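Summary of structural features
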Amino acid sequence: MSQRTHAPTPKPWIDAIHAYVPGKSKAEGGKPLIKLSANENPLGTSQAAIDALEHLGAARNLYPDPDSRALREAIAAVETLDVDRIVCGTGSGELLGLAAQAYAGPGDEVLYVRYGFSLYEIVARRCGAEPVEAPDRDYATDIDALLAAVTERTRVVFLANPNNPTGTLSTKAEVSRLHEALPPSVLLVLDHAYAEYLGGDEEDGGLELSRRATNVLVTRTFSKIFGLAGERVGWATGHPDIISALNRIRGPFNTTSAAQAMAAAAMRDAQFVEEARAHNRKWRAWLSEELAALSNHGLRVVPSHANFVLVLFEGERDAAGAQQALADSGYAVRHLPGQGLPHALRITIGTEEDNRAVVRAMRAYLSA
Ligand SMILES: Cc1ncc(COP(=O)(O)O)c(C=O)c1O
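Residues numbered from 1 in each chain as written. Predicted model: local features only at pLDDT ≥ 70, side-chain atom pairs only at ≥ 80, totals over all residues.

Excluding glycine, a negative phi dihedral is what most residues carry, and trans is how most peptide bonds are arranged. For the peptide bond that leads from Asn-161 to Pro-162, omega is 0°, which places it in the cis range. Position of Pro-162 relative to the elements: it lies in the loop between strand E5 (154-160) and helix H7 (172-181). Cis geometry marks the peptide bond from Asn-164 to Pro-165, where omega comes out at 15°. With respect to the secondary-structure elements, Pro-165 resides in the loop between E5 and H7. (Helix = DSSP H or I, 4+ residues; strand = E, 2+ residues; numbered from the N terminus.)

Here you go:
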């Protein structure tokens, strides 16, 4: 018998997982790059959140509040939600994993759209469930295709809205249609990581659904518009039975004292959020237009509702070359060949200077 057979063996469904690939921050040679590869906030972090960290004091020897009570109260007040229907997590990524783990297991299916958020496959496999991808409609979510892929084994449906990496949005009517057509035993997870970037008229009705439906969980994050990606904090809301299930399996101290204090302050800082939203709206339109103007070189921009744009390379010049050209100019963007998008780059909306530099570098690459 070989020695290997005596070694611990991960479960086959764990062996099948390819680790999450984070956005790059360095060039091949190790040179630091400006990151437009992870959809972080180019305006930084709310000053109120930074001040809250300073006021936290030095009590690092004590565990944080296990229930993130003050943070949940801040969220409940701003979003008009019941505080008991909110659970906080180590980023919304933790909560997506808990949702899959609580409701799906071996023999079950977890469904999401092709070109969806790459973590969905990982969280599905992690609990032994089978990940199932529904076809897209020219990169956008196709509600009919999702519904057609539902089987009696489907337990969880993940819908990122706006979606990452495409930036596309399913309308309120589409989300409502999806929810109504799903069996009530299927958990619909509406992943709102980018929802704060939407205008009021684009809102998908997810929070309202989570207030009245028994099978809807909405997840939100402090990593994007709130500028707190480094603190790893997110939250979810839904029916008390769903929240109870997640609370029973989450890490007992899953958000740090710093994360709780900073996120509560960021939640109340409506002005910072509005500034970030306005900056994003202005520069997303500008970047989309400038890149779309390069259509004679085969560039196509998928219309985005988030804080990034997905750019398709449908001409002679390819996405990998453009990624390298941008890296040579000091910028990291996201190339996603592992997600079936070897012909695309996802570019986070940066500062004015960043956006202008990206367009300059792209023009130079395409016309070289
Ligand atoms: C669609 C989507 N959901 C969830 C997350 C996870 O964010 P976090 O764990 O930082 O809250 C991301 C991060 O990029 C995302 O794009």
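Time to look at the site of the ligand. Every one of the 13 residues lining the ligand counts as a neighbour, but Gly-91, Ser-92, Gly-93, Thr-221 and Ser-223 are closest to it. Looking at which element gives the most residues to the shell around the ligand, the answer is helix H4 (residues 91-103), with three residues. (Near = placed C-beta within 6 Å.)

As a further point, take the sheet that holds strand E12 (residues 334-336). Read across the open sheet, the four strands follow the order E9-E10-E13-E12; overall the sheet is antiparallel. Edge positions in the sheet fall to strand E9 (299-302) and E12, since each has one partner strand and no second. When the angles between neighbouring strand axes are averaged without regard to direction, this sheet yields 30°. Two elements, strand E10 (residues 308-313) and strand E13 (residues 341-348), share five bridges in a ladder whose sense is antiparallel. Looking across to E13, one finds that Val-311 is bridged to Leu-345. (Pairing = 2+ DSSP bridges. Axes fitted to C-alpha atoms, helices over the stretch in contact; angles between N-to-C directions.)

This next bit is on the domain arrangement of the protein chain. Many structure descriptions define interface size as the accessible area lost when the parts assemble. For the protein chain, the assigned domains are domain 1 (3-44 + 271-367) and domain 2 (47-269). Distance between the C-alpha centres of domain 1 and domain 2: 23 Å. Taken together, the contact pairs 29 residues of domain 1 with 27 residues of domain 2. Taken together, the elements giving at least two residues each to the side of domain 1 that touches domain 2 come down to helix H11 (270-292), E10, E12 and E13. Take the side of domain 1 that touches domain 2: its biggest share by element is six residues, from H11. Each residue belonging to the side of domain 1 that touches domain 2 can be placed in one class, and the counts come to 15 nonpolar, ten polar and four charged. (Domains from an automatic or database assignment. Contact = placed C-beta atoms within 7 Å. Nonpolar A, V, L, I, M, F, W, Y, C, P; charged D, E, K, R; others polar.)

Where H4 meets helix H9 (residues 240-249), the closest approach of the two axes is 10 Å, and the angle between their N-to-C directions is 105°. Put simply, H4 runs roughly perpendicular to H9. For the pair H4 and H9, contact is made by Leu-95, Leu-98, Ala-99, Gln-101 and Ala-102 and by Ala-245, Leu-246 and Ile-249, respectively. Residue classes in the contact of H4 with H9 are distributed as seven nonpolar, one polar and no charged. (Parallel < 35°, antiparallel > 145°, perpendicular 65-115°, else oblique.)

With that out of the way, let us pick up the packing of H4 against helix H5 (residues 119-126). At a minimum axis separation of 8 Å, H4 and H5 run at an interaxial angle of 40°. On the basis of the axis angle, H4 is oblique to H5. H4 and H5 meet at a crossing whose hand is right-handed. Along its contact with H4, which presents Gly-93, Leu-96, Gly-97 and Ala-100, the element H5 presents Leu-119, Val-123, Ala-124 and Arg-126. (Left-handed = near helix turned anticlockwise from the far one by under 90°.)

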